[in-house]
Amino acid sequence: MAISPILSTIAVLGGTGKEGKGLAYRWAKAGFRVLIGSRNPEKARAAALDILGLLGGKVFVEGSTNIRAAELAEIVVLTVPYSAHRETIESVREAVHGKILVDVTVPLMPPKVTRVQMPPAGSAAQEASAILGPDMQVTSAFQNISHELLMHPEPIECDVLVTGTSQAARLETLKLVQAAGLVGWDAGPIENSVVIEGLTSVLIHINRETGSRNAGIKITGIRRDSEHHIAL
Ligand SMILES: NC(=O)c1ccc[n+]([C@@H]2O[C@H](COP(=O)([O-])OP(=O)(O)OC[C@H]3O[C@@H](n4cnc5c(N)ncnc54)[C@H](OP(=O)(O)O)[C@@H]3O)[C@@H](O)[C@H]2O)c1
């Protein structure tokens, strides 16, 4: 598949945390300008310095507030616990206007994280879309990728299923998946995110049952050079 130029400044809201920092690391390594967002700009700057330290300083990573990061970015990735999902989205509503919001949130409700528990909107991604309104592009991705794998150079044995409110937004998100060194698939409209978010509880259950930490999923039965996905 021919790939058009990609949006080059990514904000990772909650990028001080486990999943967001791993994604930020991979995108910085791939040459993107990465802005780590946090409720606390000092914490964000410390996370940015960690990534700069790991990558030898030859990359662009900065830390700031969630709002400032969202304002300055072309595409905004949300990596906060479900308990902070609505509050965080509402806090950046103006800043993300006209951009794509990539929601990584899984609506886990501790302590029963091995049980699928979806919110009334259907999924966290649909909730994000409802909060932001019909004019905003929202996609959903990376819910099945363990943060533990993101900071390591080895290939990750887990595909990324991308849903979203438009095909154009899904394609932009698939470019971020590819840039992170992962295989991504266009998994259809945002309503399908319920399955992918729910799969995370299934994977956590399998991890617990098997003593593993990194259970994942792969799409089979389609050639990996198919035009339907974006791979390395
Ligand atoms: N961890 C994984 O392996 C993994 C895999 C796939 C998907 N996910 C999903 O990705 C999201 C983030 O997971 P995570 O493990 O990275 O979470 P985390 O490390 O616990 O938290 C991420 C960041 O969210 C912010 N945050 C935490 N509590 C908050 C609150 N009450 N209000 C506002 N912000 C708060 C914090 O940033 P500041 O304090 O800097 O604001 C924190 O660093 C979750 O929805 C999770 O289900 C995680």
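Within any chain, residue numbers begin from 1 and follow the written order of that chain's sequence. In keeping with the model being predicted, local features are shown solely for residues with a pLDDT of at least 70 and side-chain atom pairs are shown and tallied solely at 80 or more, while totals for entire chains, interfaces and linings include all residues. Values reported for side chains reflect all heavy atoms of the structure, with hydrogen atoms and water molecules removed beforehand.

**Overview of the overall build of the protein chain**
So, point 1. In this text, helices come from DSSP runs of H or I with a minimum length of four residues, and strands from runs of E with a minimum of two, each type numbered from the N-terminal end. Looking only at helices and strands, the protein chain has eight helices and nine strands in total.
So, point 2. Computation of the radius of gyration draws on C-alpha atoms alone. For the globule rule, the value is 2.2 Å times the number of residues to the power 0.38. A compact globule built from 232 residues should have a C-alpha radius of gyration of about 17 Å, and the protein chain, at 16 Å, falls within 12% of that.
So, point 3. Seen through its principal axes, the protein chain has C-alpha atoms that stretch 40 × 40 × 35 Å.
So, point 4. We call a residue buried when its accessible area falls under 20% of the maximum for its residue type, exposed when it is over 50%, and partly exposed in between, using a 1.4 Å probe and counting protein chains only. Counting over 232 residues, the protein chain shows a buried share of 51%.
So, point 5. Only heavy atoms enter the contact rule, under which two residues are in contact if any of them lie within 4.5 Å. Nonlocal contacts in the protein chain, meaning residues at least 24 apart in sequence, comprise 75% of its contacts between residues at least 6 apart.
So, point 6. Taken as a whole, the protein chain presents about 10,900 Å² of accessible surface, with 54% of it coming from carbon and sulfur. The method behind every accessible area is Shrake-Rupley, applied with a 1.4 Å probe, and residues are considered shielded solely by the protein chains displayed.

**Comments concerning the side chain of Asn207**
So, point 1. Structurally, Asn207 is set in helix α8 (residues 193-210).
So, point 2. Side-chain polar atoms of Asn207 contact the backbone nitrogen of Asn214, separated by 3.3 Å.
So, point 3. In this structure the side chain of Asn207 is engaged in a polar contact, spanning 2.9 Å, whose partner is the backbone nitrogen of Ala215. A 3.5 Å cut-off defines polar contacts: any pair of N or O atoms within that distance qualifies, except that in protein one atom must be a possible hydrogen donor and the other a possible acceptor, and neighbouring residues in sequence count only when both atoms are side-chain atoms.

**So, the pairing of strand β7 (residues 160-164)**
So, point 1. Burial within β7 is extensive, with five of its five residues counted as buried.
So, point 2. Neither face of β7 is open: one carries Val160, Val162 and Gly164, the other Leu161 and Thr163, and all of them are buried.
So, point 3. When β7 meets strand β8 (residues 184-189), the two strands line up parallel, connected through four bridges. What sits directly across from Leu161, in β8, is Trp185. Paired strands are those between which DSSP finds at least two bridges.

**Concerning the packing of aromatic side chains**
So, point 1. Pairing of aromatic rings covers Phe, Tyr and the six-membered ring of Trp, with a centre-to-centre limit of 6.5 Å; geometry is then stacked below 30 degrees between planes, edge-to-face above 60, and tilted otherwise. For the coordinates displayed, the defined rule picks out one aromatic pair.
So, point 2. With a centroid separation of 5.7 Å and 75° between ring planes, the pair formed by Trp27 and Phe142 is classed as edge-to-face. Highlighted residues: Trp27 in helix α1 (residues 18-29) and Phe142 in the loop between β6 (137-140) and α6 (147-150), separated in sequence by 115 residues. Each member of the pair Trp27 and Phe142 is classed as buried.
So, point 3. Lysine NZ or arginine CZ positioned within 6 Å of the ring centre and within 35 degrees of the ring normal marks a charge as sitting over the ring. If you follow Arg33 out to its NZ or CZ, it ends over the ring of Phe60, 4.1 Å from the centre.

**Section: the pattern of salt bridges**
So, point 1. Salt bridges are identified by distance alone: a Lys or Arg side-chain nitrogen within 4 Å of an Asp or Glu carboxyl oxygen. Per the stated rule, a full pass over the model turns up eight salt bridges.
So, point 2. Glu148 serves as the salt-bridge partner of Arg213, at 2.7 Å between the closest nitrogen and oxygen. Residue Arg213 is found in the loop between α8 and β9 (229-230), and its partner Glu148 is found in helix α6; the two are separated by 65 residues along the sequence.
So, point 3. Between Lys175 and Glu172 there is a salt bridge, with its nearest N and O atoms 3.2 Å apart. Residue Lys175 and its partner Glu172 are both found in helix α7 (residues 167-179); the two are separated by three residues, about one turn of the helix.

**Observations concerning the pairing of strand β4 (residues 75-78)**
So, point 1. Of the two faces of β4, the one carrying Ile75 and Val77 and the one carrying Val76 and Leu78 are both buried.
So, point 2. Pairing analysis gives four bridges linking strand β1 (residues 9-13) to β4, with the strands arranged parallel. For Leu13, the partnering residue across the bridge sits in β4 and is Leu78.
So, point 3. Pairing between β4 and strand β5 (residues 100-103): four bridges, direction parallel. Counterpart to Ile75 in the pairing with β5 is Ile100.

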